[in-house]
Amino acid sequence: MDTADNIPVLDTNLVSAKGKEILEKVKKFMTEYVYPGELVYQQQLNESGKKWWIPPIIDELKAKAKAEGLWNLFLPGISGLTVLEYALIAEETGKTRIGPEVFNCAAPDTGNMEVLYLYGNAEQKKQWLEPLLEGKIRSCFCMTEPQVASSDATNMECTIERDGDSYVINGRKWWSSGAGDPRCKIAILMGRTGNESAARHKRHSMILVPMDTPGVKIVRYMEVFGNDDHPKGHPELKFTNVRVPLGNMILGDGRGFEIAQGRLGPGRIHHCMRAIGAAEIALMMMCARVHQRAPFGKTLAHQGVVQQQIAESRIEIEAMRLMVLKAAHTIDKYGTKAARKQVGMIKVMVPRTTLKIIDRAIQIHGGAGVSQDFPLSRMYAGMRTLRIADGPDEVHLMSIALQEMRDQMNKAKL
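Keep in mind the model is a prediction, meaning the values are calculated, not measured. (Residues numbered from 1 in each chain as written. Predicted model: local features only at pLDDT ≥ 70, side-chain atom pairs only at ≥ 80, totals over all residues. Heavy atoms only, no water.)

As a further point, take the overall build of the chain. Scanning the chain for helices and strands turns up twelve helices and seven strands. What you see for the chain is a C-alpha radius of gyration of 22 Å, in line with the 22 Å of a compact globule of 414 residues. Principal-axis analysis of the C-alpha atoms gives the chain an extent of 75 × 65 × 40 Å. Counting all 414 residues of the chain, 51% fall into the buried class. Contacts spanning at least 24 positions in sequence make up 77% of the contacts within the chain whose residues lie at least 6 apart. The distance from the centre of the 54 positive side-chain charges to the centre of the 47 negative ones in the chain is 2 Å. (Helix = DSSP H or I, 4+ residues; strand = E, 2+ residues; numbered from the N terminus. Rg over C-alpha atoms; globule rule 2.2 N^0.38 Å. Buried < 20%, exposed > 50% of the residue type's maximum accessible area, 1.4 Å probe, protein only. Contact = heavy atoms within 4.5 Å. Lys, Arg positive; Asp, Glu negative; His and termini not counted. Charge placed at Lys NZ, Arg CZ, Asp CG, Glu CD.)

Encoded structure:
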């Protein structure tokens, strides 16, 4: 990379006229439809008395967004946006629970659509990518397993064995986000294909598994701090002699880690920018609350310790955003591989820092902060999970350290 690449991303010319226009349209759409729609979403969910049911407001909002061309914005090959331009949009959508889905930009569908777009064959794209891009179905991603240390993904034991003109899958997966959604029709599963003589990172593959295939069973709905995150959930799934056609293999046997690296780079940018959106909401709620409560004769707004927390939160948000935008710009300019260290850094920094900001907001709200009256407890649970999802902090820190030592050694040789 050039020396100039150490300069922070400050030049607004990096965002095209189209990127700026779409960002403003998204902001306007969020204000007019999504923020009010989130209240309707929760009301419809509560009144239905059902857990695994999608409130009708979602389809209404998706139809509006699609009609305005605010659709599939995450995928550069379709939207025409750079990773950096979409990152700014992801921050806006991350300010609400339903925002990403309204624009058909919600995980895990975004990652799964990227996999099929980049690595799927023509038949796979027609059968699964097209309905996902249309927003007609949803998907899940099955990677983590309950019986092994999944932070080292080479430990995966779920097997994908060839038998004639089929593959047979056996194993368990958990934290299969979105698998509880009644619209979830397809899973991308990563498992061991049995070639023990191959290198450790060439023993696993990714394969398409329709959710209605015999042998696919939801064992239980996992809970985060007692919340099952309905109506989408994170179920544990059991695959017992699940048979799928050979044509369901993505890219080829032993290519699973290769696909995963292509999937996770931009996906981590999206996660981090949505997290920054959540941090902005937490800070906004903090600033509103401090004027509404007056302990010991003066409002919280006049308490020095509260002022310090607000100031630190703003400083941290600005720093996070610059780091993520630099990583996004590096992907745009040099590709995912070149941004590996930067992406690892933001994956550690952003969830950890956003968690602190949400925690401050909870503390300032007092008992209300951990109640159902405010979204802060749900936001906290989601952000705490993100420190584990897509690789725990410790794995990223190890990788960052190894890359940093290598980079320093290379500099010393100059």
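Omega for the peptide link from Ala107 to Pro108 comes to 0°, which places this bond in the cis form. Residue placement: Pro108 occurs in the loop between α5 (99-102) and α6 (109-119). At Asn72, a residue that is not glycine, the phi angle is positive and equals roughly 55°. Among the secondary structure elements, Asn72 is positioned in the loop between α2 (57-67) and α3 (76-79).

This part is about the pattern of salt bridges. Enumeration over the complete set of coordinates arrives at 30 salt bridges. As a salt-bridge pair, Arg172 and Glu236 come within 2.8 Å of each other at their nearest N and O atoms. One end of the pair, Arg172, is in strand β3 (residues 166-173); the other, Glu236, is in strand β7 (residues 235-245), and 64 residues separate them in sequence. Exposure remark for Arg172: the relative accessible area of 30% places this residue in the partly exposed category. Under the relative-accessibility criterion, Glu236 is labelled buried at 4%. The partner of Arg255 in a salt bridge is Glu258, and the shortest N-O contact between them spans 2.6 Å. Arg255 gets classed as partly exposed once you look at its relative accessible area, which sits at 30%. Sharing partners across several salt bridges, the network here consists of Lys62, Glu101, Asp109, Arg138, Asp181, Arg183 and Lys232. (Salt bridge = Lys/Arg side-chain N within 4 Å of Asp/Glu carboxyl O.)

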